Amino acid sequence: MTKMRQLNRPTGHRLSMLRTMVSQLVKHERIETTVPKAKEIRRLADNMVQLGKEGTLCAARRAAAFVRGDDVIHKLFTELAYRYKDRAGGYTRLLRTRIRVGDAAPMAYIEFIDRENELRQSKPPNPQPPQRAPLDPWTRSRISRQLAPPKEDKSSESDS
């Protein structure tokens, strides 16, 4: 598993909390939490949407091992997979909202993009740059030799 924030919790509590929060995010499509938790949820929720887009039995079992609730799995593999079928990534948005009164923790909304009742509209996708024709090896070698700095002779250094 990759490096994760510790969030001042033991491993079992942290993973349980993140699983529940990802499940609630998929179910309600917007939740409010602290900024560090939202950043961790964003990584995990994007992975769950990727599994939903795969749509295989293996992906369904992997998602079911993480999220909680059959309704959440059904929503991942039907509604969210269909909504993001043309999107390559970046399925969630993090919006900082306020400072919590009790402990001055920075709070944020995390929500799925491209849905109704969004807090902020998503930006249009960037157009893909045109594909360049690949160079043959001889031309590429000649160009790289022209751009490379000139080689220094080792014999001139040993003579001095």
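Just so you know, these numbers come straight off a predicted model, no measurement behind them. (Residues numbered from 1 in each chain as written. Predicted model: local features only at pLDDT ≥ 70, side-chain atom pairs only at ≥ 80, totals over all residues. Heavy atoms only, no water.)

Engineer: How should I be thinking about the nonpolar core in this particular structure?
Structural biologist: Grouped burial of nonpolar side chains is what soluble globular proteins tend to show. Counting residues in each nonpolar core, the largest one holds 32 residues, and the members touching the most others are Ile-41, Met-48, Val-67, Leu-76 and Phe-112. Elements supplying a minimum of two residues to this core: α1 (11-28), α2 (35-54), α3 (57-64), α4 (70-83) and β3 (106-112). Examining the composition of this core, we find that eight residues originate from one element, α2, more than from any other. (Core = buried A, V, L, I, M, F, W, Y, C linked by side-chain atoms within 4.5 Å. Buried < 20%, exposed > 50% of the residue type's maximum accessible area, 1.4 Å probe, protein only. Helix = DSSP H or I, 4+ residues; strand = E, 2+ residues; numbered from the N terminus.)

Engineer: So what exactly am I meant to see when it comes to the sheet that holds β3 here?
Structural biologist: Pairing between the strands of a sheet is mediated by backbone hydrogen bonds and can be parallel or antiparallel. In space, the three strands of this open sheet follow the order β1-β3-β2, with antiparallel pairing throughout. This sheet does not close on itself; its edge strands, each paired only once, are β1 (30-34) and β2 (92-99). Strand-to-strand, the axes of this sheet are offset by a mean angle of 25°, without reference to chain direction. Of the strand pairs in this sheet, β2 and β3 are connected by six bridges, and their pairing is antiparallel. Considered in β3, the bridge of Leu-95 is made with Tyr-109. The strands touched by α1 within the sheet are β1, β2 and β3, with β1 carrying the most contacts at an inclination of about 145°. (Pairing = 2+ DSSP bridges. Axes fitted to C-alpha atoms, helices over the stretch in contact; angles between N-to-C directions. Contact = heavy atoms within 4.5 Å.)

Engineer: Honestly, the environment of Arg-132 in this entry has me stumped. Any pointers?
Structural biologist: Within the element layout of this structure, Arg-132 appears in the loop between β3 and α5 (137-147). With 89 residues separating them along the chain, Arg-132 and Arg-43 place their C-alpha atoms 32 Å apart.

Engineer: What's the story with the packing of α3 against α4 in this structure? I'm lost.
Structural biologist: To characterise two packed helices, one gives the angle between the axes of the helices and the distance between these axes. Contact geometry for α3 and α4: axes closest at 10 Å, N-to-C directions at 140°. Comparing the axis directions of α3 and α4 gives the class oblique. Crossing angle aside, the handedness with which α3 passes α4 is right-handed. Here α3 contributes Ala-59, Ala-60, Ala-63 and Ala-64 to the contact with α4, which in turn contributes Ile-73, Leu-76 and Phe-77. Residue classes in the contact of α3 with α4 are distributed as seven nonpolar, no polar and no charged. (Parallel < 35°, antiparallel > 145°, perpendicular 65-115°, else oblique. Left-handed = near helix turned anticlockwise from the far one by under 90°. Nonpolar A, V, L, I, M, F, W, Y, C, P; charged D, E, K, R; others polar.)

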